[in-house]
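A structural walkthrough
Residues per chain are reported as follows:
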Amino acid sequence: MRIAYLDCFAGVSGDMILGALVDAGYALPALRKALKSVDLPPFRLRAERVSRNGIAATLLHVVPARAPAGAVPAPPRGRQGHARTGGWRELDRLLARSGLSPSVKGASRKVLRRLGDAEAKVHGIPIEKVHFHEVGAVDTLVDIVGTSAALESLGIRKVFASAVNVGSGTMEGSHGLHPVPAPAAMELLKGAPVRGSLPAVETATPTGAALLAALAEEFGPMPPMSVASIGYGAGSRDVRQRPNVLRVLVGETIRSENSETVVKIETNIDDMDPRLYENALDACFAAGALDVWLAPIQMKKGRPGILLSALAAESNAQPVAETLLRETTSLGVRMARMERRTAARETRKVKTAYGTVRVKIGTDGGRIVTIQPEYEDVRRLASRSGVPVKDVLASAQAAARRLIAE
């Protein structure tokens, strides 16, 4: 599967992400074509090769049509609105009426919605009243639409990201002095790994944070991958302490033999009748769970609780999550993708003094790593023969070893 890994060691902004994707192979003519599908005010898009502490990177300029040729937007706070500011509803309608492909349109509207929700929460207003004073409306859509179109054009199916450098200090906004990172950016990065840094400047913008929040599958170390292309997107500031760039790695996932991607779905429960757990576990298996288990935990106020966890293939993750919400008293579940490695399995039949038993044989790299008789077969034969289960189990294991040795 083709993936992209965003390395946000110096921060993140919309133009840095888009610049990195252009640097990694997304052609400017394709970008301009995608942007023409949206009814934006006239502007010019220009890519410039710059150096940031010795690293060559692509810096994108969005210049209003009224500006003189060769003009470059002022650097403070990314690229503040040079054409106009716009309301969230207006921008969403522009996307809805655009000629973008359904997938690019859907991804763009998802990002814009996340950005609008964050701004609305920070300012305590309905999303319909959000105006993008802190980020230019044209710039916002260029970054959002351009990134969504680039991911589709490059065939990228999933996006992963590193911990995000959010900077430190304060900044001057249209509403006065604000902390860094911007309140909306921090709202969008809730749940993601973040870190502060010096010098005291803003390194994570709301648009960049919205792209991560809406499009990134996971945050953390780089997943196993075969890298096909690398791109660097430059920020507008040239900071002496570090290269102000965002790096994107594009390539294919690497899986070891007998490995697969699975999803762990889990929830904490401290208020459910214990008799309901059996039914909840059975319902999860019926929904497609590969495994389900319970573990005791201690919750807030010292209450004893239960951690209910399920493992499912990606295609069954949502049905299993819905089942947990329906069959338990939980109000939410956590979901995390992970890679599972399994031994190759084979089922054989062996003859014992008590009867025939099925045996599971697990191999890894051609080497036998486990031999396990089916317990239900063992228990049935023990009951029928009137002998201890452990005797039938030992007989089945010995018969299986003899079979393998032949």
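Please refer to the structure higher up on the page.
None of these values were measured; they are calculated from a predicted model.

**As for the sheet that holds strand 15 (residues 334–341)**
One open sheet accounts for four strands, arranged 13-14-12-15; its pairing is antiparallel. Either end of the sheet is taken by a strand with one partner, and the two such strands are strand 13 (289–298) and strand 15. When the angles between neighbouring strand axes are averaged without regard to direction, this sheet yields 25 degrees. When strand 12 (residues 259–269) meets strand 14 (residues 304–313), the two strands line up antiparallel, connected through eight bridges. Within the sheet, the bridge partner assigned to Thr 267 lies in strand 14 and is Leu 308. Together, strand 12, strand 13 and strand 14 form the strand contacts of helix 8 (residues 277–286), whose direction differs from that of strand 13 by roughly 150 degrees.

**As for helix 8**
Taken residue by residue, helix 8 has Tyr 277, Ala 280, Leu 281, Ala 283 and Cys 284 as its buried positions. Buried residues of helix 8 fall within an arc of 160 degrees about the axis and therefore sit on the same side. Turned more than 90 degrees from where helix 8 packs its buried face, Glu 278 and Ala 286 sit exposed. Its buried side turned inward, helix 8 meets strand 12, strand 13, strand 14 and helix 9 (317–327). Gly 288 sits one or two positions beyond helix 8 and adopts a positive phi of about 115 degrees.

**A look at the sheet that holds strand 16 (residues 344–352)**
The strand order 16-17-18 describes an open sheet built from three strands, whose pairing is antiparallel. The strands lining the two open edges of the sheet, one partner per strand, are strand 16 and strand 18 (367–373). For this sheet the average axis-to-axis angle between neighbouring strands, irrespective of direction, equals 30 degrees. Taken together, the six bridges between strand 17 (residues 355–364) and strand 18 define a ladder with antiparallel strand orientation. Among the inter-strand pairings, Val 359 is bridged to a residue of strand 18, identified as Pro 373. Against the sheet, helix 10 (residues 375–385) engages strand 17 and strand 18, with an angle of about 155 degrees to strand 17. Sitting on the sheet, helix 11 (residues 389–405) touches strand 16, strand 17 and strand 18, and the angle it makes with strand 16 is about 110 degrees.

**Observations regarding the packing of helix 10 against helix 11**
Their axes nearest at 8 Å, the elements helix 10 and helix 11 cross at an angle of 125 degrees. When the axes of helix 10 and helix 11 are compared, the pair comes out oblique. In this structure, helix 10 meets helix 11 at a crossing whose hand is right-handed. Contacts between helix 10 and helix 11 involve Tyr 375, Val 378, Arg 379, Leu 381 and Ala 382 from the former and Val 389, Val 392 and Leu 393 from the latter. Of the residues belonging to the contact of helix 10 with helix 11, the class tally is seven nonpolar, no polar and one charged.

**Digging into helix 7 (residues 206–215)**
With 10 of 10 residues buried, helix 7 is to be regarded as a mostly interior element. Along helix 7, the positions that sit buried rather than exposed are Pro 206, Thr 207, Gly 208, Ala 209, Ala 210, Leu 211, Leu 212, Ala 213, Ala 214 and Leu 215.

**Notes on the packing of helix 4 (residues 102–123) against helix 5 (residues 137–153)**
Running from N to C, helix 4 and helix 5 cross one another at 140 degrees; their axes reach a closest spacing of 9 Å. The angle between helix 4 and helix 5 places the two elements in the oblique class. For the pair helix 4 and helix 5, the sense of crossing is right-handed. On helix 5, the residues that touch Ser 103, Val 104, Ala 107, Ser 108, Val 111, Leu 112 and Leu 115 of helix 4 are Thr 140, Ile 144, Val 145, Ser 148, Ala 149 and Glu 152.

**Looking at the pattern of salt bridges**
As enumerated under the stated definition, the model contains 20 salt bridges in all. Asp 7 serves as the salt-bridge partner of Arg 247, at 2.8 Å between the closest nitrogen and oxygen. Here the residue Arg 247 occupies a position in strand 11 (residues 245–253), and Asp 7 occupies one in strand 1 (residues 2–7), the gap between them amounting to 240 residues. Here Asp 7 falls in the buried class, since its relative accessible area comes to 13%. Where Arg 348 meets Glu 346, a salt bridge forms, and the shortest distance between an N and an O atom there is 3.5 Å.

**A look at unusual backbone geometry**
Look at the link from Val 180 to Pro 181: it is a cis peptide, with omega at 5 degrees. Looking at the secondary structure, you find Pro 181 in the loop between strand 7 (176–179) and helix 6 (183–188). The omega torsion of the bond from Leu 198 to Pro 199 falls at 5 degrees, within 30 degrees of zero and hence cis. One non-glycine residue, Asn 53, lies in the positive phi region at around 55 degrees. Examined against the element boundaries, Asn 53 turns out to sit in the loop between strand 2 (43–52) and strand 3 (55–64). A relative accessible area of 39% places Asn 53 in the partly exposed class. For Lys 301, which is not glycine, the phi dihedral falls at a positive 60 degrees. Summarising the element assignment, Lys 301 is placed in the loop between strand 13 and strand 14. Overall, the relative accessible area of 74% leaves Lys 301 in the exposed class.

Quick notes on the rules
Residues numbered from 1 in each chain as written. Predicted model: local features only at pLDDT ≥ 70, side-chain atom pairs only at ≥ 80, totals over all residues. Heavy atoms only, no water. Pairing = 2+ DSSP bridges. Helix = DSSP H or I, 4+ residues; strand = E, 2+ residues; numbered from the N terminus. Axes fitted to C-alpha atoms, helices over the stretch in contact; angles between N-to-C directions. Contact = heavy atoms within 4.5 Å. Buried < 20%, exposed > 50% of the residue type's maximum accessible area, 1.4 Å probe, protein only. Arc of directions from axis to C-beta. Parallel < 35°, antiparallel > 145°, perpendicular 65-115°, else oblique. Left-handed = near helix turned anticlockwise from the far one by under 90°. Nonpolar A, V, L, I, M, F, W, Y, C, P; charged D, E, K, R; others polar. Salt bridge = Lys/Arg side-chain N within 4 Å of Asp/Glu carboxyl O.

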